[in-house]
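Given next are the chains, with one letter for each unit.
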Amino acid sequence: MSLRLARLFTATLIGLSASATALAATPQLIWRGDVTTARGVVTDVAKAYEKAGKGKFELQPFNTASGIDAVSTGTADLAGSARPSIGGKEQSLTFTPVAWDGLVMVTYPANPVSNITLMQLHEIYMGHITNWKELGGEDAPINLYAVASPGDGVEWSLRRLLFGRGNQPVAAPRLYVNQTKLEEGVTLDRRGLGATTLAGASGNAKLKILSIDGVKPTASSIASGSYPLYTELYLVSNDASPKAAEVKEFLSFVTSNQGGSLLKAHNLLPYADGMALASGDAARRQKIASTVGTRGNVGQAMTTPTVAAAAAPAAAAEAAKEAVKAAPAVAKGKAAATAKAAAAATEASPFAHVAASVSTTAHQGFKGVRGEAFTSSDNAKIGGKFAKVTGDAVTVAGKNTAKPAVDASEKSTKVETPKVSEAKPAAKAEKPVAEKAVAKAEKKPTAAGSKTYKVAAGDTLYSIAKKNNVDVNQLRAMNGLKDNNVKLGQTLKVSAR
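Draft legend 1. Examining the packing of helix 4 (residues 118–126) against helix 12 (residues 281–292) more closely. At their nearest, the axes of helix 4 and helix 12 sit 9 Å apart, and the two run at 70° to each other. By the angle class used here, helix 4 and helix 12 are roughly perpendicular. Note that helix 4 runs across helix 12; the crossing there is right-handed. Taken together, the residues of helix 12 that come into contact with helix 4 (itself represented by Leu 118, Met 119 and His 122) are Ile 288, Thr 291 and Val 292.

Draft legend 2. View of the packing of aromatic side chains. One pass over the structure, following the stated rule, counts eight aromatic pairs. For the pair Trp 100 and Tyr 230, a centre-to-centre distance of 5.9 Å together with 75° between the ring planes defines the contact as edge-to-face. Of the two residues, Trp 100 is situated in strand 4 (residues 94–107) and Tyr 230 in strand 11 (residues 230–237); the sequence distance between them amounts to 130 residues. On the accessibility criterion, Trp 100 (1% relative accessible area) is buried. A relative accessible area of 4% means that Tyr 230 is categorised as buried. Taken together, a centroid distance of 5.0 Å and an interplanar angle of 10° make the contact between Trp 100 and Tyr 271 stacked. Taken as a pair, Trp 100 in strand 4 and Tyr 271 in the loop between strand 12 (269–270) and helix 11 (275–279) lie far apart in primary sequence, 171 residues in all. Grouping aromatic residues by their ring pairs yields a cluster made of Tyr 49, Phe 57, Phe 250 and Phe 253. Directly above the aromatic system of Tyr 230 lies the positively charged group of Arg 284, at a separation of 3.8 Å from the ring centroid.

Draft legend 3. How the structure looks around the environment of Glu 249. The topology assignment puts Glu 249 in helix 9 (residues 244–254). Expressed as a C-alpha distance, the spacing of Glu 249 and Gly 55, which sit 194 residues apart in the sequence, is 9.9 Å. Dropping the residues within four chain positions of it, Glu 249 is found in contact with Tyr 49 and Lys 54.

Draft legend 4. Just the confidence of the model for the protein, in detail. For the protein, per-residue confidence averages 73 on the pLDDT scale, and 63% of positions sit at 70 or higher. A low-confidence stretch, residues 16–25 (pLDDT under 50), is modelled with one contact involving residues beyond four sequence positions or located in other chains. Counting interchain partners and residues more than four positions distant, the pLDDT-below-50 stretch residues 297–335 has 34 contacts.

Draft legend 5. Inspection of the side chain of Ser 221 at higher detail. Considering the arrangement of structural elements, one finds Ser 221 in helix 8 (residues 219–224). A relative accessible area of 7% places Ser 221 in the buried class. Polar contacts involving the side chain of Ser 221 include one to the main-chain amide nitrogen of Thr 218, which spans 2.8 Å. Setting aside chain neighbours within four positions, we find Ser 221 in contact with Val 215, Lys 216, Ser 226 and Tyr 227.

The rules we used
Residues numbered from 1 in each chain as written. Predicted model: local features only at pLDDT ≥ 70, side-chain atom pairs only at ≥ 80, totals over all residues. Heavy atoms only, no water. Axes fitted to C-alpha atoms, helices over the stretch in contact; angles between N-to-C directions. Helix = DSSP H or I, 4+ residues; strand = E, 2+ residues; numbered from the N terminus. Parallel < 35°, antiparallel > 145°, perpendicular 65-115°, else oblique. Left-handed = near helix turned anticlockwise from the far one by under 90°. Contact = heavy atoms within 4.5 Å. Phe/Tyr/Trp six-rings, centres within 6.5 Å; stacked < 30°, edge-to-face > 60°. Buried < 20%, exposed > 50% of the residue type's maximum accessible area, 1.4 Å probe, protein only. Lys NZ or Arg CZ within 6 Å of the ring centre and 35° of its normal. pLDDT = per-residue confidence, 0-100. Polar contact = N/O pair within 3.5 Å; in protein donor to acceptor, adjacent residues only side chain to side chain.

Right under this line is the structure:
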């Protein structure tokens, strides 16, 4: 071998050795998680990360639960999730929000339905709307698809928005292991409907993305918050991992300008660019809960009773008394009334010791109430008090129906709820003839049409009951309905009078 060839051979060996050393010095990161995060966040960013010489990646897209479990056990360094931590062993992991995506409903491209309301979506998942005809489509059953994996990010986030809790059972008998398989099922079913994400469904000509309440899900409508079903995408890591430093370097790359550009290419909004969405999240959830008639947060009152916020009761009462003393004789009547109202308002909160949720709703039905206090028709102001309620309680005709005294030593603290017919109204003073005539006139319905309601497009039995201030069970009984299905154009009786 010539001297020149020997030198070239030696240089080649040195180069190969250096390359092998460099590759060995760069540890490989293993990512596992939901296909939603894989498609929108990780795949392209990981390629760019490798191209920049920062490290190697092994991608294992499957579903949310498998990824989080792998990071928890140390068999993966990173996971992807479309939901935050839900406690348990997940509390030891770090969920870093990296992007905003839209939760979207997809159906078959030829389906004539292009828009549904939040209320209709709620009723579909509850099994109360089961036919496309009720949504303005063909007379055919709705085949609802869902992901079977417990704690799936898309399903959990959507159900939390619609029902106030991510583990809400729904009427979806067609189950798949992840969003990819769900989408494949919908592309083959003319009657199919399922939830996925905008990043996953965008550009798929075999899927039709539905608008919600007339708002089409786009990158701009998500960024503005006008599309209501937006959610965070997370990368999940373990700070105790031996590769924690490399993981942090990758997270920094994802949130860099280069990483943000790759996210935007998938119709995602970088998390830092959507801080207005984060600050408005509570109001958004409360608005959705109000629209569909569920609590925004399970285990908490949807709205805090204002009576609990009364400040300086003693000072307010004293001020009212002084106003009565200082007023001239002509104004004493009004001042006395003011003082009485102030004193009533400054009493201890009637909900001070309620052991469960508290809500106020007009014409609230009482059937099936468990462990909650309700005030019917706002009658709490004229006598309904729940100061010592620890079980079921209602107010009927302005009278507290709870027993006058409940011994704290009793084993059961549940207050019996009498039938409405048992509540006797207080005796009233005789009114003048003119006042009787006015009261009688006010009791008459304003029009015959107020007793019936004609079912319109998009109506459900629940929405009709809500519109007409009647309990859904009463509405069903008045019309002899065996289930919750109503037909377009059907005339329903909405008043027993």
